[in-house]
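Here are the chains, one letter per residue:
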Amino acid sequence: MKKPTTHFPKIKSIAYEGPGSANALAFRHYNPVELVDGKTMEQHMRFSVAYWHAFRGTGSDPFGLGTIVRPWEKGKDAVSVAKVRMDAAFEFFQKIRAPFYCFHDRDIAPEGATLAQSNKNLAAIVAHAKSLQKATGVKLLWGTANLFSNPRYMCGASTNPDAHVFAYAAAQVKSAIDATKELGGENYVFWGGREGYETLLNTNLKREQDHLAAFLHLAVDYAKSIGFKGQFLIEPKPKEPTKHQYDFDVASGIAFLRTYGLEKYFKFNIETNHATLAGHTFQHEIEVAASQHMLGSIDANAGDELLGWDTDQFNTNVKELTLAMTSILKAGGLGTGGFNFDAKLRRPSIDPEDLFHAHIGGMDAYALAFKLARRIIADGKFDSFVADRYASFDTGFGQDIASGKANFKSLEKLVLTKLGEPTPRSGKQEYLENLLNTYLHG
Ligand code: XLS
Ligand code: NI
Ligand code: NI
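Below, the structure is looked at part by part. (Residues numbered from 1 in each chain as written. Chains lettered and ligands numbered in written order. Predicted model: local features only at pLDDT ≥ 70, side-chain atom pairs only at ≥ 80, totals over all residues. Heavy atoms only, no water.)

1. Details of the coordination of the nickel ion (ligand 3)
Geometrically, a metal with four donors at the corners of a regular tetrahedron has ideal angles of 109.5 degrees, and one with six donors at the corners of a regular octahedron has ideal angles of 90 or 180 degrees. Counted only if it meets this: Sites may look incomplete, because water is not among the atoms used; the donor set itself consists of N, O and S atoms within 2.8 Å of the metal (3.2 Å for Na, K and Ca). Only protein chains enter the accessibility calculation, which uses a 1.4 Å probe; a residue is then buried when its area is under 20% of its type maximum, exposed when over 50%, and partly exposed in between.
Surrounding the nickel ion (ligand 3) are the protein donor atoms Glu271 (OE), His274 (NE2) and Asp310 (OD), at 2.1 to 2.3 Å. Separating the nickel ion (ligand 3) from the nickel ion (ligand 2) is a distance of 3.8 Å, and Glu271 supplies a donor atom to each of them. The class of His274 is buried, set by a relative accessible area of 3%.

And the structure:
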């Protein structure tokens, strides 16, 4: 049988048609070739498709099997199916105009009966990916290893109480870094899915954290030894599948990295839904990372306000994204990172076309947020409000405090002899919220 030349016969490459367009399969805000400050929107946004959701997602949930059946999921063996699936994926990346993709080792290539077989499968698929990248120009934003699905990792990978599992995970990550390097990946992500615990009754928390740190040091050493230049990223998440994950949020991630002397080698991959699970806003996590120059990349998705788990939805909340984009742009952008749609179709969204609607919505919402954030920053109204709010630290005794010249005695004397009682000043939150709405809604 002849190989099909297209896996999405009904869909053409998605075009930018502008905000007035009524075409559901067109961009209204994301124009990949539009120039902004000498760079195209494609270069600014660095959108990426998450292989696991877009091409391995079946719509399954804890109550039922998959609902999504793709026509290309056929072949004589698992590796041939993986190759055809990848052909479909690259056709999708091109048609949706995403310049990047991301993967886990085990979602691009099937796991074999032994590690050697798994490595062989991965090598075959990496070769295929390399030729597709060359043919299409699509690039790898980051690679990672799946250290959470196989039962061997049920009690963690590097934090497993069994050193044998630690060794296996090390071997797997070695190959995943090799694959990422081979494919020119610009980053490599560590998400500690099962690096946490279910109960402290059977857990030595200190030892597990020591082992996680040892593992990350080994990864840093290995990357150096093979000349892998990609940025290492930690992706925090507070829980799920574990009850408590060690990389709980960005702040605890920073403390962990500094405790173990790893802070030079890592930045953060911040996922919206993980931020909200940790009880933070998306923007909060970005600000915490940016405050330490550790903002790396974004896993672009959203949770459901009413559900307490990682629903991984496409984010169309322009207000939330505009706030996030102002913090990202003020931090100088994402560098080698990008916006990776770590988001999946809902269980009843079973048409291949739904993949397009989902990504178009996410890309348009981000592109609009980018433009709104640029206007907000250029106008400088919020910035000057905030600068003015802290102005008392810019001169006089406030400057002495900020520069470490004051002490408790000098400040006591100042209050007793000169300053007296401070005059309260309004924080003006409602005024600022209204001001934000003038950008969002005119
Ligand atoms: C799961 C994570 C995962 C990482 C990559 O919640 O978001 O998909 O992004 O391992
Ligand atoms: Ni993620
Ligand atoms: Ni997630």
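2. A few points about the pairing of strand E13 (residues 295-299)
The cut-off we apply is this: The numbering of helices and of strands both runs from the N terminus, where a helix is a DSSP run of H or I of at least 4 residues and a strand a run of E of at least 2. The rule for pairing is simple: two strands pair if DSSP sees at least two bridges between them. If the strands point away from the viewer and the path from the first strand over the helix to the second runs clockwise, then the crossover is right-handed.
With respect to burial, E13 is a largely interior element, five of its five residues being buried. Alignment of strand E12 (residues 266-271) against E13, held across four bridges, turns out to be parallel. The partner of Asn269 across the bridge, within E13, is Ser297. Taken together, the two bridges between E13 and strand E14 (residues 339-341) define a ladder with parallel strand orientation. Bridge pairing in E14 links Asp299 to Asn340. Once you follow E13 into helix H11 (residues 318-330) and on to E14, the crossover reads as right-handed.

3. Considering the packing of aromatic side chains
Counted only if it meets this: We call Phe, Tyr and Trp rings a pair once their centres come within 6.5 Å, taking the six-membered ring for Trp, and we label the pair stacked below 30 degrees between planes, edge-to-face above 60, and tilted otherwise. The rule is short: NZ of Lys or CZ of Arg within 6 Å of the ring centre and within 35 degrees of the ring normal puts a charge over the ring.
Throughout the structure, instances matching the rule amount to 32 aromatic pairs. Note on Tyr30 and Phe47: the rings are 4.9 Å apart at their centroids and 80° apart in plane angle, and the pair reads as edge-to-face. Of the two residues, Tyr30 is situated in the loop between strand E2 (26-27) and strand E3 (35-36) and Phe47 in strand E5 (residues 47-50); the sequence distance between them amounts to 17 residues. Comparing Tyr30 with Phe47 shows no difference in burial state: the two are buried. Arranged with centres 5.3 Å apart and planes meeting at 85°, the rings of Phe166 and Phe215 form a pair that is edge-to-face. You can see Phe166 sitting in helix H6 (residues 163-182) and its partner Phe215 sitting in helix H7 (residues 205-226), a full 49 residues away along the chain. In this structure Phe166 comes out as buried when scored by relative accessible area, which is 18%. Among the aromatic side chains, those forming a connected cluster through ring pairs are Phe8, Tyr51, Phe55, Trp72, Phe90, Phe92, Phe93, Tyr101, Phe103 and Phe356. The ring of Tyr168 carries the charged tip of Arg152 above its face, separated from the ring centre by 3.9 Å.

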